[in-house]
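# Results of the structural survey
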Amino acid sequence: MLKSGKAQLLLAVSLLALTVPGLARAQDYPHADEPIGTVEQIYDGHLTPDLAVSTFRNIDRLFPVRVIEAGDNPSPLPEAPQDLPSMVSFEIDGKGYDLYDFLALDNVAGLIVLKDGEVVYETYQRGNRPETRWMSMSVAKSITSTLVGAAVQDGHIASLDDMVVDYVPSLKGSAYDGVSIHDILLMASGVQWNETYTDPQSDRRDLLRAQIAQEPGAAMKVMAALPRASEPGSAHTYSTGETQVLGEIVRGAVGKPLAEYLSEKIWKPYGMEADANWWLDSPDGVEIGGSGLSATLRDFARFGQFFLEGGEIDGNRVLPEGWTEEAGRSQKLSDGTEIDYGLMWWPGWTEASIADKAFAAIGIEGQNIYINPTQNVVIATHMAQPKPEGKEPIDPMVFFDAVVAALE
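Throughout what follows, the structure given in this document is the object of discussion. In this text, all values refer to a predicted model and were calculated from it rather than measured experimentally.

## As for the sheet that holds strand β4 (residues 108-115)
- As summarised here, the arrangement of the 6 strands in space is β5-β4-β16-β15-β14-β13, forming an open sheet in which the pairing is antiparallel. Of all strands in the sheet, those bounded by a partner on one side alone are β5 (118-124) and β13 (346-347).
- As defined by bridge partners, β13 adjoins strand β14 (residues 359-363) across 2 bridges and the pair is classed as antiparallel. Its bridge partner being in β14, W346 is matched across the sheet by A360.
- The sheet strands contacting helix α13 (residues 297-308) are β4, β5, β14, β15 (367-372) and β16 (377-383), and the helix crosses β16 at an angle near 150 degrees.

So, in structure tokens, the structure goes:
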């Protein structure tokens, strides 16, 4: 007879695992019992190194999540190893660095390099494994924007010139009334926003508090209350709030959760090897469009490879023709001013990456999916940097340039 409440709970979980798909696998997750910090500590940059690592690979314990289901037939990642540790070297301000320096100084927990779709280098550090899921932070923005492309291809969104309020009625009468989907993709809605992660009074932290509250519609209430700062399309202001609006647009357009749509359009057909998770704004609510997607390193690399291949799977077009090229290049505002931002992707900023038309999905504290279409290279990283911004000893783009230059 079970006498303790804990024993009863363990029995209940065991029985539930037999009946709920995916739960048994969750119980086998190798990091499930590790201590974790809080989401406020992540944005404050107040995690010790070990706690940061265990938190970043367990973010699905911070909020309710929806599973992005993988299929039963993962696509192979053939191996063609190259000795990158002995090949990669570069200089910054006259000082020499190598691959070991990058791994140590930028606190890399996982690094994978694909050349021509083959794994030429892969390493896991800080106790991570191939099955480790890791937080994406703003890498999720690039994935959300990709779902907009899929919705256009499927006919759920007629045009990027469609108005936001056509898909998100709760924003009617707000500063988002009169803003197009294209404006949102450029983060050029003209709506006022302060993205400062570490400022408790910033708009970004207001949105985080709404997420913590886990009340349906709370995030859109934050966005609907913001004032207009400029005309739509006329000024670029980096805003995680814009991606929450974008997630609502996708949900309104396709009529299903983002995680389900991502699984249906990319995760299963491209052959991701593991289920992923995505934070929700409330229990069974809408996915957090700008962060909170956790997946394995290899599946982030596969997503990059899918994008490198032009958004096609087995000859079937998932994204509109030319979408991937447009997403990764610098865009122009309504007055013709060029901005160093794509369709929620970052164009490369170093001489070599600009020459190769390389671009990346980038998340704070060191998350990257780098795509180099000229050299046919994809690089994905999981890192645990100590602060949300400004604490990268080595600019990852400089390191990626050195890797590309070293590859044979």
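## A closer look at the environment of G37
- Examined against the element boundaries, G37 turns out to sit in the loop between α2 (23-27) and α3 (39-44).
- For the pair G37 and D275, spaced 238 residues apart in the sequence, the C-alpha separation amounts to 23 Å.

## Looking at the side chain of D401
- Tracing the chain through its elements places D401 in helix α16 (residues 396-406).
- Buried within the structure, D401 lacks any salt-bridge partner; K115 is the closest side chain of opposite charge, at an N-O distance of 13 Å.
- In this view, D401 contacts T350, A352, S353 and Y370; residues no more than four positions away in its chain are not counted.

## Topic: the nonpolar core
- Within the largest apolar cluster, 103 residues are counted, with the highest numbers of intra-cluster contacts made by M223, L293 and F303.
- Excluding residues that lie within four positions of it along the chain, L293 makes contacts with I59, I68, W134, M135, S136, A140, I143, L262, A276, N277, W278 and F300.
- In terms of nonpolar packing, the next biggest core, distinct from the first, is built from 27 residues, L84, F90, L103 and M397 among them.

## A short note on unusual backbone geometry
- The residue N107 is not glycine, and still its phi comes out positive at about 50 degrees.
- Topologically, N107 is positioned in the loop between α6 (99-105) and β4.
- Despite not being glycine, K357 has its phi angle at roughly 55 degrees, a positive value.
- Positionally, K357 belongs in the loop between α15 (351-355) and β14.
- With a relative accessible area of 64%, K357 lands in the exposed category.

## Considerations on the pairing of β5
- Among the 7 residues that make up β5, 5 are buried, leaving the element largely enclosed by the rest of the structure.
- As defined by bridge partners, β4 adjoins β5 across 6 bridges and the pair is classed as antiparallel. The residue bridging I112 from the neighbouring strand is E122, located in β5.

## With respect to the packing of aromatic side chains
- This model, assessed by the stated rule, comprises 17 aromatic pairs.
- Centroid distance F303 to F307: 6.4 Å. Interplanar angle 25 degrees. Geometry classified as stacked. Pair noted here: F303 and F307 are both in helix α13, with a separation of 4 residues, about one helical turn. Both residues of the pair, F303 and F307, belong to the buried class.
- Through pairs of rings, three or more aromatic residues link up here, namely F90, Y97, F102, Y370, F399 and F400.
- In this structure, R133 is placed above the aromatic ring of Y29, and the distance from its NZ or CZ to the ring centre is 4.1 Å.

Thresholds applied
- Residues numbered from 1 in each chain as written.
- Predicted model: local features only at pLDDT ≥ 70, side-chain atom pairs only at ≥ 80, totals over all residues.
- Heavy atoms only, no water.
- Pairing = 2+ DSSP bridges.
- Helix = DSSP H or I, 4+ residues; strand = E, 2+ residues; numbered from the N terminus.
- Contact = heavy atoms within 4.5 Å.
- Axes fitted to C-alpha atoms, helices over the stretch in contact; angles between N-to-C directions.
- Buried < 20%, exposed > 50% of the residue type's maximum accessible area, 1.4 Å probe, protein only.
- Lys, Arg positive; Asp, Glu negative; His and termini not counted.
- Salt bridge = Lys/Arg side-chain N within 4 Å of Asp/Glu carboxyl O.
- Core = buried A, V, L, I, M, F, W, Y, C linked by side-chain atoms within 4.5 Å.
- Phe/Tyr/Trp six-rings, centres within 6.5 Å; stacked < 30°, edge-to-face > 60°.
- Lys NZ or Arg CZ within 6 Å of the ring centre and 35° of its normal.

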